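Working through the structure, step by step
One letter stands for each residue in the lines below.
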Amino acid sequence: MVQALYDIAVALLLGLSAAGSGVGDGLVMSKYVEGVARQPEARGSIFSSALLGVAIVEAFPVIALAFGIIILFTKGAL
Amino acid sequence: MSAFPMLFPNSAFPINLTTIAMMILAGLVVIIFLRVAASRLSVREPGKMQNLVEWIIEFTANMAKDTMPSQRLVQWVLPLAFTMLLFLFVSNWLGVIATVSINTNHPIPWLGITAQKLAQAHGEVPLYDSPTANMSMTLGMAFMVWVISHFQGLKTPRKWLRHYKNPMFIIEEITNPLTHGMRLYGNIFAGEALIGVILSIPILYHVIPIGLPLLLVWLFYSAFVSSIQAYVFTILMTLYIGHKSYGEQTDH
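Residues numbered from 1 in each chain as written. Chains lettered and ligands numbered in written order. Predicted model: local features only at pLDDT ≥ 70, side-chain atom pairs only at ≥ 80, totals over all residues. Heavy atoms only, no water.

Below, the discussion takes up the overall build of chain B. Tallying secondary structure elements over chain B gives eight helices and four strands in all. When the backbone C-alpha atoms are referred to their principal axes, chain B occupies close to 65 × 50 × 35 Å. A buried classification covers 43% of the 252 residues belonging to chain B. Intrachain contacts of chain B at a sequence separation of at least 6 include 73% that bridge at least 24 residues. For chain B, the exposed area adds up to about 14,600 Å²; of that, 70% sits on carbon and sulfur atoms. A distance of 9 Å separates the average location of the 14 positive side-chain charges in chain B from that of its 11 negative side-chain charges. (Helix = DSSP H or I, 4+ residues; strand = E, 2+ residues; numbered from the N terminus. Buried < 20%, exposed > 50% of the residue type's maximum accessible area, 1.4 Å probe, protein only. Contact = heavy atoms within 4.5 Å. Areas by Shrake-Rupley, 256 points an atom, 1.4 Å probe, with all protein chains shown as cover. Lys, Arg positive; Asp, Glu negative; His and termini not counted. Charge placed at Lys NZ, Arg CZ, Asp CG, Glu CD.)

Judged by nonpolar contacts, the single largest core of 46 residues is most densely connected at B:Met68, B:Met84, B:Leu88, B:Met141 and B:Phe189. Counting residues per element, the ones that place at least two in this core are α2 (43–74) of chain A together with α1 (17–39), α2 (48–67), α3 (71–97), α5 (135–153), α7 (168–199) and α8 (212–244) of chain B. Broken down by element, the residue count for this core peaks at 12 residues, all from α3(B). (Core = buried A, V, L, I, M, F, W, Y, C linked by side-chain atoms within 4.5 Å.)

Here, the residues flagged by UniProt with the feature "domain: V-ATPase proteolipid subunit C-like" (unreviewed entry) are residues 8–71 of chain A. Secondary structure content for residues 8–71 of chain A is 94% helix and 0% strand, while the C-alpha to C-alpha distance between its ends is 11 Å. (UniProt positions renumbered as here; feature names shortened; annotations may be inferred.)

This part takes up empty space enclosed by the protein. For the structure on display, the rule yields two cavities of 30 Å³ or more. Within this model, the largest cavity holds a volume of roughly 70 Å³. The wall of the largest cavity is formed by B:Asn92, B:Gly95, B:Val96, B:Asn187, B:Ile188, B:Gly191, B:Glu192, B:Ile195, B:Ser222, B:Val225 and B:Ser226. Those elements that place two or more of their residues in the lining of the largest cavity are α3, α7 and α8 of chain B. Residue contributions to the lining of the largest cavity peak at five residues, all from α7(B). Here the residues of the lining of the largest cavity sort into four nonpolar, six polar and one charged. One number sums up the size of the second largest cavity: a volume of about 30 Å³. Together, A:Val62, B:Asn187, B:Ala190, B:Gly191, B:Trp218, B:Tyr221, B:Ser222 and B:Val225 line the second largest cavity. Elements represented by at least two residues in the lining of the second largest cavity include exactly α7 and α8 of chain B. A per-element tally of the lining of the second largest cavity places α8(B) first, with four residues. (1 Å grid on protein atoms, 1.4 Å probe; cavity = no way out; pocket = protein on both sides within 12 Å on 5 of 7 lines; lining within 4 Å. Points joined across faces, edges and corners; volume = space filled by probe spheres on them. Nonpolar A, V, L, I, M, F, W, Y, C, P; charged D, E, K, R; others polar.)

The subject of this paragraph is the UniProt feature "transmembrane region" (unreviewed entry) in chain B. Residues and elements named next belong to chain B. The positions that UniProt labels "transmembrane region" (unreviewed entry) are, in the present scheme, residues 12–34, 73–94, 135–154, 184–208 and 214–241. Secondary structure across residues 12–34 divides into 78% helix and 9% strand, with the first and last C-alpha atoms of the span separated by 37 Å. From the first C-alpha to the last, residues 214–241 spans 40 Å; its make-up is 100% helix and 0% strand.

Mapped onto the fold, B:His243 is located in helix α8. Each C-alpha atom, one on B:His243 and one on B:Pro69, is 8.2 Å from the other, the two residues being 174 residues apart in sequence.

All names here are of chain B. Of the volumes computed, that of the second largest pocket is approximately 540 Å³. Element by element, the count of residues in the lining of the second largest pocket is highest for α3, at seven residues. In terms of residue class, the lining of the second largest pocket is built from 19 nonpolar, two polar and no charged.

Right, let's get into the UniProt feature "transmembrane region" (unreviewed entry) in chain A. Residues annotated by UniProt as "transmembrane region" (unreviewed entry) correspond here to residues 48–73 of chain A. As a span, residues 48–73 of chain A carries 100% helix and 0% strand, and end to end its C-alpha atoms are 37 Å apart.

A few words on a nonpolar patch on the surface. Judged by side-chain polarity, B:Ile201, B:Leu204, B:Tyr205, B:Val207, B:Ile208, B:Ile210 and B:Leu214 come together as a nonpolar surface patch covering roughly 700 Å² of accessible area. With respect to the helices, strands and loops of the structure, B:Ile210 is situated in the loop between α7 and α8. (Patch = residues over 30% accessible without salt bridge, like charges linked within 9 Å, V, L, I, M, F, W, Y side chains within 5 Å. Salt bridge = Lys/Arg side-chain N within 4 Å of Asp/Glu carboxyl O.)

See the structure below:
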């Protein structure tokens, strides 16, 4: 019973954070494509800021993944 | 997760020996690399190593120029940012290249390896690990950046006090260093933990390694993330310090 609750908690954590960051990544990259289409010569500088944005958005699901793995393997003993 | 060897395990300030040793190793790698590069300086015929280091310095300077308000501050933050970038890059990559841990069943109480912790970690004691896969280390670095940024802001106390009229900035004082450290820790730790999970996939008929393509993909992604996170940590550091430098005139 308790083990199943931990499994459900980790699944919810990973799934919800992945959905949210998917939307965020999509927004960042779509704006990047728009910017490059409007101003192709500025591709380099836009790409570096887009990569930074993706890394910042992408950090939260990865933090969630780290905590999910901790919760899954220590079973809430932490 | 894993049972780290600790100094003073039962006190309020336990010291993780693996992380300390790996930090010193990463620092040594950076020092030796830069020493070797500096010993072969030449204006006429720059070698490959010199070109590489000059490219890194130029990269860092461009990064600082985008985020710091004045040229004087760019010069001020450049050594810190350059060291931070190289140190984090090396320490993130140490964990991607290899992780070494020993399996033991004998608890060593004075090093903090108790029987209960060993049972929880399946007897795994890590000896060679990425130092940034430890929450205390990354949060400590984020706290250091927070202190430096306030030191920079308190050079003009009145302006520093005035910007707290907006209560959002008070919340940011807590969330900024927290996410700053947790971002690096989460990425590196998740990378290593998932490598461990993938390695525990059984081999089909003792011949076909099912997990191998998965492992290759994840290693590639982990290497990419290691480089990106060193860059992100450094650029956020210059950004936080630049935001707090109120006394400087903007000159670009």
